[in-house]
Amino acid sequence: MISKRTIRDLGDPEVRGKRALVRVDFNVPLDESGTVTDDTRIRAALPTIDALVAKGARVVLVSHLGRPKAKPEAKFSLAPVAKRLAELTKQPVRFVPALDSDEAVAATQALRAGEILLLENTRFNAGEEKNDDALAKSLARLGDLYVNDAFGAAHRAHASTEGVAKHLKPAVAGLLMERELEYLGAALSDPKRPFIAILGGAKISGKIDVIEALLPKVDGLLVGGAMANTFYKAMGLETGKSLVEPDRVELAKSLLDRAAYRLTLPHDAVVAPALDQPAAAHAVKRDGIPPNEAMFDIGPETVQSYARAIAAAKTILWNGPMGVFETPPFDAGTTAVARAMAEATANGATTIVGGGDSAAAVTDAGLETRMSHVSTGGGASLEFLEGKPLPGVEALEDRR
Ligand code: ADP
Ligand code: MG
């Protein structure tokens, strides 16, 4: 159970007929014609929206989308999202291209119980990312209670994720937020053991704090992705043309000195002269990377041993692809890990995927529903795993 109040803790009088201002994460990709190309994040917010509608709330949704430069830009409008949301909820969704104006307030007041309104991109307003208190106050006029369901934006102290909670109570977590915090929180504080973490991706630099935070908690940490190269370098191995972070080699050395027994590096690798020469891909032992080739994936032996480790674990946390999964055949390691995790889930293990690219890889492989939890927040899940407080969560009311 999380320490924050959630919408499930609200009594009927706190919700029925009230305007629920819900911060959602509708930061979805749109194509040229303004059509939502991936509605995962919209669907992830449905349990909260449905629950509020069922409780007779008047639902007012706010979100950011993309990175507009603190002013309205048509290509970042949430209008297409309202359309998609209406299809998914099978009820009309009113869209009002306003946020902190009297027009927006009037639109919220015109809502009837069970109706849904979506307002315009919070980042069209310069005060959003500055967590401007005047904006936070005017956002507070849009509701009678505040619900934060935007886990993916909870690591940012913005006006709609943090500031507004100071001015609008009750301030509670939505069901997606609750689910994210429950899964990630349980892995950190009370994992079923053995507990292993699999870390990959492009850079060691972005994940170093996660490695440091997880090492004392896990029974094993398996490394993949380009990150492995920096460790190889630290071990004195040839890394060829692989992506290495020279300024992190010392750090990799110190991690190996301190925690070599818990840290597993790929035994072999799939290499090629260049990414655009996939036909030349071949597997080598880790001490056999040719000087004129680069490592683009973990090798078949590593796949086998990581799959065995996954099958033996009770909690598996995965962040970061094992290779350049965007370019076959260098997706093999990533797909194999995803499959092994799906099997582990079926055998009773708790499997958690965090990280934008890893989540995309799991979805591409069609294995999304076969994980215990796929986090909707890349950056937020990383910061949570690093042990950092998330401002958007901190601002909510504690459970009584
Ligand atoms: P996530 O979003 O899951 O946290 P990252 O953003 O850290 O993952 O890293 C994903 C990127 O890492 C992918 O674009 C992938 O191509 C790249 N990558 C993985 N392995 C390698 C490698 N061996 N060489 C170069 N890039 C790699
Ligand atoms: Mg990424």
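This one's a predicted model, so the numbers in the text were calculated from it and none came from an experiment.

Visitor: Describe the overall build of the protein chain, naming the residues involved and giving the relevant values.
Guide: Scanning the protein chain for helices and strands turns up 17 helices and 15 strands. Radius of gyration (C-alpha) of the protein chain: 23 Å, near the 21 Å computed for a compact globule of 400 residues. Referenced to the eigenvectors of the C-alpha coordinate spread, the extents of the protein chain come out at roughly 70 × 45 × 35 Å. Relative to all contacts within the protein chain whose residues are 6 or more apart in sequence, the contacts with residues 24 or more apart total 75%. Accessible area of the protein chain: about 16300 Å², with a carbon and sulfur share of 51%. Charged side chains of the protein chain number 48 positive and 52 negative; the gap between the two group centres comes to 4 Å.

Visitor: Mind laying out the site of ligand 1, listing which residues take part and the relevant values?
Guide: Surrounding ligand 1, one finds 17 residues, the nearest of these being Ala202, Lys207, Glu326, Asp357 and Ser358. Contact between ligand 1 and Ser358: an oxygen atom at 2.4 Å from a side-chain N or O atom of the residue. Across the complex, the protein chains shield 81% of the 580 Å² of accessible surface that ligand 1 would expose by itself. For the shell around ligand 1, the residue count by class is six nonpolar, eight polar and three charged.

Visitor: Describe the domain arrangement of the protein chain, listing the residues and the values that go with them.
Guide: According to the domain assignment, the protein chain contains domain 1 (7-176) and domain 2 (183-385). Here the C-alpha centre of domain 2 lies 35 Å away from the C-alpha centre of domain 1. With eight residues of domain 1 at the interface, the matching set in domain 2 holds nine residues. Note on domain 1 versus domain 2: buried area summed over both sides is about 690 Å², and carbon and sulfur give 64% of it. Taken together, domain 1 and domain 2 are joined by one residue pair in polar contact (both at pLDDT 80 or more). Among the elements that line the side of domain 1 that touches domain 2, the one with the most residues is helix α2 (residues 40-44), at three residues.

Visitor: Which residues make up the packing of helix α7 (residues 133-140) against helix α8 (residues 159-167), and what values go with them?
Guide: Where α7 contacts α8, the axes come no closer than 8 Å and their chain directions differ by 70°. With respect to each other, α7 and α8 are oriented roughly perpendicular. Residues Asp133, Leu135, Ala136, Lys137, Leu139 and Ala140 of α7 form the contact with α8, whose own contacting residues are Ala159, Ser160, Gly163, Val164 and His167. Classifying every residue of the contact of α7 with α8 by side-chain character gives six nonpolar, three polar and two charged.

Visitor: Could you give an account of the sheet that holds strand β5 (residues 145-148), naming the residues involved and the relevant values?
Guide: Reading across the sheet, the six strands line up as β3-β4-β2-β1-β5-β6 and stay open at both edges, with parallel pairing between neighbours. Where the open sheet ends on each side, the last strands, each with one partner, are β3 (93-96) and β6 (171-173). Strand-to-strand twist of the sheet, defined as the mean angle between neighbouring strand axes without regard to direction, takes the value 25°. Both β5 and β6 contribute to a ladder of three bridges, which runs parallel. Within β6, the position partnered with Tyr146 by the bridge is Ala171. Relative to β5, α8 is tilted by about 145°, and along the sheet it contacts β1 (19-23), β5 and β6.

Visitor: Account for the environment of Asp219, with residues named and values stated.
Guide: For Asp219, the location among the structural elements is in the loop between α10 (208-214) and β8 (220-223). Taking relative accessible area as the criterion, Asp219 reaches 41% and is therefore assigned partly exposed. Sequence separation between Asp219 and Ile196 is 23 residues, and the spatial gap between their C-alpha atoms is 5.7 Å. In this view, Asp219 contacts Arg193, Pro194, Phe195 and Arg262; residues no more than four positions away in its chain are not counted. A polar contact of 3.1 Å, which involves the side chain of Asp219, links it to the side chain of Arg193. A polar contact of 2.7 Å, which involves the side chain of Asp219, links it to the backbone nitrogen of Phe195.

Visitor: I'd like a rundown of the nonpolar core, residues and numbers included.
Guide: Core analysis: the biggest nonpolar cluster contains 73 residues, and Leu119, Ile211, Leu221 and Phe231 have the highest contact counts within it. No fewer than three residues from each of domain 1 (7-176) and domain 2 (183-385) sit in this core. Apart from residues lying up to four places away in sequence, Leu221 is in contact with Ala197, Leu199, Ile211, Leu214, Leu215, Arg262, Leu263 and Thr264. Counting residues in hydrophobic clusters, the runner-up holds 32 residues, among them Val22, Ile49, Val81 and Ala82.

Visitor: For the environment of Lys69, give the residues involved together with the corresponding values.
Guide: Positionally, Lys69 belongs in the loop between β2 (58-62) and α4 (79-89). Accessibility expressed as a relative area gives 65% for Lys69, which makes it exposed. Taking the C-alpha atoms as reference, Lys69 lies 25 Å from Leu382; in sequence the two are 313 residues apart.

Visitor: With reference to specific residues and values, describe the packing of aromatic side chains.
Guide: Counted according to the given criterion, the structure contains one aromatic pair. Measuring from centroid to centroid gives 5.1 Å for Phe296 and Phe330, while their planes differ by 55°, and the two rings are tilted. Linking Phe296 in strand β12 (residues 294-298) with Phe330 in the loop between β13 (315-319) and α14 (332-346), this pair joins segments that are 34 residues apart in sequence. Overall, the relative accessible area of 13% leaves Phe296 in the buried class.

Visitor: Please provide a residue-by-residue account of the packing of helix α9 (residues 175-189) against helix α16 (residues 378-385), values included.
Guide: One way to put it is that α9 packs onto α16 with a least axis distance of 10 Å and a crossing angle of 30°. When the axis of α9 is compared with that of α16, the two are roughly parallel. With respect to the hand of their crossing, α9 and α16 are arranged in right-handed fashion. The residues of α16 that touch α9, namely those facing Leu181, Leu184, Gly185 and Leu188, are Ser381, Phe384 and Leu385.

Visitor: Tell me about the pattern of salt bridges, residues and numbers included.
Guide: Counting across every chain of the model gives 23 salt bridges. A salt bridge links Glu14 to Arg5; the nearest nitrogen and oxygen atoms lie 3.3 Å apart. By relative accessible area, which is 27% here, Glu14 ends up partly exposed. Between Arg16 and Asp12 there is a salt bridge; the shortest N-O distance is 3.1 Å. Within the structure, one salt-bridge network assembled from shared partners comprises Asp39, Arg43, Arg84 and Glu87.

Reading guide: rules and limits
Residues numbered from 1 in each chain as written. Chains lettered and ligands numbered in written order. Predicted model: local features only at pLDDT ≥ 70, side-chain atom pairs only at ≥ 80, totals over all residues. Heavy atoms only, no water. Helix = DSSP H or I, 4+ residues; strand = E, 2+ residues; numbered from the N terminus. Rg over C-alpha atoms; globule rule 2.2 N^0.38 Å. Contact = heavy atoms within 4.5 Å. Areas by Shrake-Rupley, 256 points an atom, 1.4 Å probe, with all protein chains shown as cover. Lys, Arg positive; Asp, Glu negative; His and termini not counted. Charge placed at Lys NZ, Arg CZ, Asp CG, Glu CD. Near = heavy atom within 4 Å. Polar contact = N/O pair within 3.5 Å; in protein donor to acceptor, adjacent residues only side chain to side chain. Nonpolar A, V, L, I, M, F, W, Y, C, P; charged D, E, K, R; others polar. Domains from an automatic or database assignment. Buried area = accessible area lost by both parts, 1.4 Å probe. Axes fitted to C-alpha atoms, helices over the stretch in contact; angles between N-to-C directions. Parallel < 35°, antiparallel > 145°, perpendicular 65-115°, else oblique. Pairing = 2+ DSSP bridges. Buried < 20%, exposed > 50% of the residue type's maximum accessible area, 1.4 Å probe, protein only. Core = buried A, V, L, I, M, F, W, Y, C linked by side-chain atoms within 4.5 Å. Phe/Tyr/Trp six-rings, centres within 6.5 Å; stacked < 30°, edge-to-face > 60°. Left-handed = near helix turned anticlockwise from the far one by under 90°. Salt bridge = Lys/Arg side-chain N within 4 Å of Asp/Glu carboxyl O.

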